[in-house]
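Chain residues, written in single-letter form:
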Amino acid sequence: EAYLHQLVPVLVVNKVDRLCMDLGLDPSEAYVRIRELIESMNAVCASMLNSDVNDTMEVVDGDTDTTNDNDIDEKKASLWNFDPIKGNVVFASGLHGW
């Protein structure tokens with residue numbers, strides 16, 4: 001729905017405290033688990049974007065201007081690529097209030 005309304009996405013990873021407390025993961029194992037989660041979300045988003053590009057692609061008289069389309073597609077792909085360094089991933093724990 002955020003994509004349809006052209007909103008800026010933010011990924012919220014909740015219950016981070018459970019990685020250590022309930023699952024008993026050490027910090028490096030928790031890091032790997034979170035990294036895999038973010039990578040899987042990025043794959044889902046890339047699939048969604050590719051699906052949308054294929055649905056909206058039109059060829060007019062066998063000639064297309066892909067320069068502007070590629071710039072827009074790269075911008076969307078960058079926007080929908082989650083990375084904690086970019087600041088679009090939030091780590092939370094509702095139980096502990098952070």
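Residues numbered from 1 in each chain as written. Predicted model: local features only at pLDDT ≥ 70, side-chain atom pairs only at ≥ 80, totals over all residues. Heavy atoms only, no water.

Colleague: Can you explain the pattern of salt bridges? Please cite residues and give values.
Modeller: Going through the model one piece at a time under the given rule, you end up with two salt bridges. Between Asp22 and Arg18 there is a salt bridge, with the nearest N and O atoms lying 2.7 Å from each other. In this structure Asp22 comes out as exposed when scored by relative accessible area, which is 52%. (Salt bridge = Lys/Arg side-chain N within 4 Å of Asp/Glu carboxyl O. Buried < 20%, exposed > 50% of the residue type's maximum accessible area, 1.4 Å probe, protein only.)

Colleague: So what's going on with the side chain of Asn42? Residues and values would help.
Modeller: Its location among the elements puts Asn42 in helix α2 (residues 27-56). A distance of 3.0 Å separates polar atoms of two side chains, one belonging to Asn42 and the other to Asn81. Setting aside chain neighbours within four positions, we find Asn42 in contact with Trp80, Asn81 and Phe82. (Helix = DSSP H or I, 4+ residues; strand = E, 2+ residues; numbered from the N terminus. Polar contact = N/O pair within 3.5 Å; in protein donor to acceptor, adjacent residues only side chain to side chain. Contact = heavy atoms within 4.5 Å.)

Colleague: Could you give an account of a nonpolar patch on the surface, with specific residues and numbers?
Modeller: A cluster of nonpolar side chains, contributed by Val10, Val12 and Val90, occupies part of the molecular surface with about 240 Å² of accessible area. Note on placement: Val12 falls in strand β1 (residues 11-13). (Patch = residues over 30% accessible without salt bridge, like charges linked within 9 Å, V, L, I, M, F, W, Y side chains within 5 Å. Areas by Shrake-Rupley, 256 points an atom, 1.4 Å probe, with all protein chains shown as cover.)

Colleague: Let's hear about unusual backbone geometry: which residues, and what values?
Modeller: With a phi angle near 55°, Gln6 is a residue other than glycine that sits in the positive phi range. If you trace the backbone, Gln6 turns up in the segment before β1. A positive phi is found at Lys15, a non-glycine position, where the angle reads about 65°. Mapped onto the fold, Lys15 is located in the loop between β1 and α1 (17-21).

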